[in-house]
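# What the coordinates show
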Amino acid sequence: MTTTSAETAATTAILPSYIKGEWWRPETDAAVQEVRDASTGDVVARVSSEGIDLAGALEYARTVGHDSLAPLTFHQRAIILKKMALALTERKDELYEISARTGATKADSWVDIDGGIGVLFAYSSKGRREMPQSTVLLDGPLEPLSKDGSFLGRHIFTSLPGAALQINAFNFAVWGSLEKLAPAFLAGVPSIIKPATPTGYLAEHMVRILDESGLLPEGSVQLVSGSLPGVFDLLKLGDTVAFTGSAYTADKLRRHEAFQSGGVRFTCETDSINASVLGPDATPDTPEFTAFVKQLVTEMTSKAGQKCTAIRRAIVPSALAADVARAVADRIAERIVVGDPRDEGVTMGPLASMEQRDEVLSQVGKLVDAGGRVVVGTDQPQPSQGAFVSPMLLRFDDALTDALHEIEAFGPVASLLTYDSVDEAVDLVARGGGSLVTSVVSHDPEFVGALVPRIAGMNGRILLLDRDNLKTSTGHGSPLPMLMHGGPGRAGGGEELGGIIAVKHHMQRTAVQGTPELMTAVTGVWHSGASANADAEHPFRKSLAELRIGDQVRSGLREVSLDDIERFAHFTGDTFYAHMDEEAAAANPFFPGRVAHGYLLVSFAAGLFVEPAPGPVLANTGLENLKFMTPVSAGDSIRVELTAKEITPRETDDYGQVRWDARLINQNDEIVAQYDVLTMVAKTR
């Protein structure tokens, strides 16, 4: 006995939400929306959030979620992110299988699923390498506010006390969720994930894997499957909203009182009419021409063109337009097979839904009405139950046609337009009103140098592509965790990713003023003038378990002789005149005469503070922030004060890093040099 589509729909359970630590479904079938397989039209999910307690979910995040996540250090959160990535990796085959229902090919799913997992790995690594073993992040240098050093100021970042509401688009159910979740999690802010309904079932399974892993601190992650009725009225100071979607919807959202006067942070990444510019030097016989065409076709067909970073405008020299059109047609004919992504040989799947297909064809119709000609592909719907459309390249004779710079067909569609000068190319890029990314494909430094500075202000990212990076370039449409994803104007004006910058978007920057003692207490980093402990035991004899901020060694004075200076000069080969020629040195406005080498003084300093016997200190890994402040002449003396400034145990190793404040001081108590010494120290003796 066969089962009809209607019967399948009737028996498909409503997709659950994950709120307040439990999986929840509506008690009734009211307001249920059916979601269908993009290729077959079969019902794969039923979605409704009717009756969901959004106020409770927000408060749960602000209280339970914040209490469990915020006390963890950046490193502890980073370790959890890595474990989350590993948990998803172990079960990513399940995600791939589900992803095919959205119309994604294996290559598309790799971008979404493995790309999202890669974001978790990247932020885990950055959190451990670039952030302290603390809950407070210092920002910028110390600002002395008094002559005697008793009053200081500096900026710190701390976790926002609210919830991070993350509203995602349908095209990247996994990557879109994780690229917002990772920075918020690392910042110590709980997330409420709201996936787009057409592909929300994929995001739901991703969250289910994380829940079943047992890794999530209580309340740190929640999921709403379905709509968010009235949620913006429930937001308050300390909450954030990150939105990915249409520019029209983003504009409506940002007008809400919560963002206008309620202090709720709002950032958005929206559709943009991205461009790729072909340089005049890139004739058909060059690698750049081939790369331009390959990249254009890739961006037209990857995810069926449903990427906010996809190329919508191919801007080429007038003399090369016909060649580009032919090459695009040939590559699509040779490489692109449209169909169900589960079928062998298919390289481009359908759009995410029939509604999306109809929307794309409607937008193409507007472009055609405005003067565009379909020169590759067809704008006719395909006879199928699935949301299939053909890859399309439109040609515009008038590159200044407003429609092609304003209308986005969010599918496998791009427009070809031409320019005859750098000024014209700049103008065409600018007409997009602000973009996420523009590519410039050229091997001519003069052209690139003239174009890029003039279009940079209109773009969040610019990819420069030529023969020398063809094999290493990550491509036009690939946002990377360490680089900003966002753009001005139509692109939303927001910023996501970009390394630790995205973490700071979920934190409050605060100026703190006070004494060295209190600044040390707040930041966990020793400040000069705070209490120091120069007890009998050398701090190099202390393990991380025993060492404390402020532990210090103070050396006696060592005289620097002329013989020391000359011996160092001849031994190292550094016979710079300031060290060897009294008359020339005295004529220099910075020196009183012959002076000691700065590196000689640093070497003497190491001898003054070192404890030579084997012990907890395992290695000196470097010096940072070295400044020479007062010259030292023959006959002067120097001493060292070395103080434990910052202690950073490594979560996964039996050692950690200690940052020491090193100060060289002369016989007149003047600071000669100042720098940080970095050492690796065992956790126990």
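For every chain, the first residue of the written sequence is number 1, and numbering continues from 1 along that sequence. With pLDDT at 70 or above as the cut-off, local features in this predicted model cover only qualifying residues; side-chain atom pairs require 80 or more to be listed or tallied, and sums for whole chains, interfaces and linings still use all residues. The side-chain values count all of the structure's non-hydrogen atoms but skip hydrogen atoms and water molecules.

This part is about unusual backbone geometry. A positive phi is found at Lys 20, a non-glycine position, where the angle reads about 50°. Examined against the element boundaries, Lys 20 turns out to sit in the loop between strand 1 (17–19) and strand 2 (22–24). Assessed through its relative accessible area of 34%, Lys 20 is described here as partly exposed. Unlike most non-glycine residues, Asp 669 shows phi in positive territory, near 65°. Among the secondary structure elements, Asp 669 is positioned in the loop between strand 26 (655–666) and strand 27 (671–682). Numbering of helices and strands runs from the N terminus, with a helix taken as a DSSP run of H or I at least four residues long and a strand as a DSSP run of E at least two residues long. Exposed residues in this analysis have more than 50% of their type's maximum accessible area, buried residues have under 20%, and partly exposed residues fall in between, with area computed by a 1.4 Å probe over protein chains only.

With that settled, consider the sheet that holds strand 21 (residues 507–514). The strand order 5-6-21 describes an open sheet built from three strands, whose pairing is antiparallel. Edge positions in the sheet fall to strand 5 (137–144) and strand 21, since each of these pairs with one other strand and no more. Within the sheet, the average angular offset between the axes of one strand and its neighbour, ignoring direction, is 20°. Paired strands, in this sense, are two strands between which DSSP finds at least two bridges. Sheet topology note: the strand 6 (residues 152–159)/strand 21 ladder contains eight bridges and is antiparallel. Paired with Arg 154 across the two strands is Val 512, which belongs to strand 21. Fitted lines through C-alpha atoms serve as axes, helices being fitted only where they are in contact, and the angles separating the N-to-C directions of these axes extend from 0 to 180 degrees.

Now for the confidence of the model for the protein chain. The predictor rates its confidence in each residue with pLDDT, a number between 0 and 100. Summing up the model confidence of the protein chain, the mean pLDDT is 92 and the portion of residues at 70 or higher is 98%. Contacts between residues were defined by any pair of non-hydrogen atoms, one from each residue, lying within 4.5 Å. Overall, residues 1–8 carries pLDDT values under 50, and its contacts beyond four positions in sequence, including any with other chains, amount to four contacts.

Here we come to the sheet that holds strand 18 (residues 459–465). Strand order in this open sheet of seven strands is 14-15-16-13-12-17-18, and the pairing throughout is mixed. Each of the sheet's edge strands pairs with one partner strand only, and the pair in question is strand 14 (373–376) and strand 18. On average, adjacent strands in this sheet sit at an angle of 25° to one another, irrespective of strand direction. Packed on one face of the sheet, helix 14 (residues 422–430) meets strand 12 (274–278), strand 13 (311–317), strand 16 (413–419), strand 17 (435–441) and strand 18 and runs near 150° to strand 16.

What follows covers helix 17 (residues 516–523). Within the span of helix 17, buried status applies to Pro 516, Met 519, Thr 520 and Thr 523. Each buried residue of helix 17 lies within a common arc of 100° when the element is viewed along its axis, so the set occupies one face. Of the exposed residues in helix 17, the ones pointing more than 90 degrees away from its buried face are Leu 518 and Ala 521. Contacts made by the buried residues of helix 17 are with strand 5, strand 6 and strand 21. Looking at the residues trailing helix 17, positive phi occurs at Gly 524, about 75°. This arc is taken over the directions from the axis of the helix to the C-beta atoms.

Contact geometry for helix 14 and helix 15 (residues 445–455): axes closest at 10 Å, N-to-C directions at 30°. For the crossing formed where helix 14 meets helix 15, the hand is right-handed. Contacts between helix 14 and helix 15 pair Val 422, Asp 423, Ala 425, Val 426 and Val 429 from the former with Phe 447, Ala 450, Leu 451, Arg 454 and Ile 455 from the latter. Residue classes in the contact of helix 14 with helix 15 are distributed as eight nonpolar, no polar and two charged. For a crossing to be left-handed, the near helix must be turned anticlockwise from the far one by less than a right angle; the clockwise case is right-handed. Side-chain classes follow a simple rule in which Ala, Val, Leu, Ile, Met, Phe, Trp, Tyr, Cys and Pro form the nonpolar group, Asp, Glu, Lys and Arg form the charged group, and the remainder, Gly included, forms the polar group.

Definitions used throughout: a 1 Å grid over protein atoms alone; a cavity as a set of points that fits a 1.4 Å probe which cannot get out; a pocket as an open set with protein on both sides within 12 Å along at least five of seven lines; a lining residue as one with an atom within 4 Å of a point. Grid points are joined across faces, edges and corners, and a volume is the space filled by probe spheres set on the points. Summed over all chains, the structure comprises four cavities of 30 Å³ or more. If you add up the space inside the largest cavity, you get close to 100 Å³. What lines the largest cavity is a set of 14 residues, among which Thr 102, Phe 170, Asn 171, Thr 199 and Lys 303 lie closest to the centre. Its residues assigned to classes, the lining of the largest cavity shows seven nonpolar, five polar and two charged.

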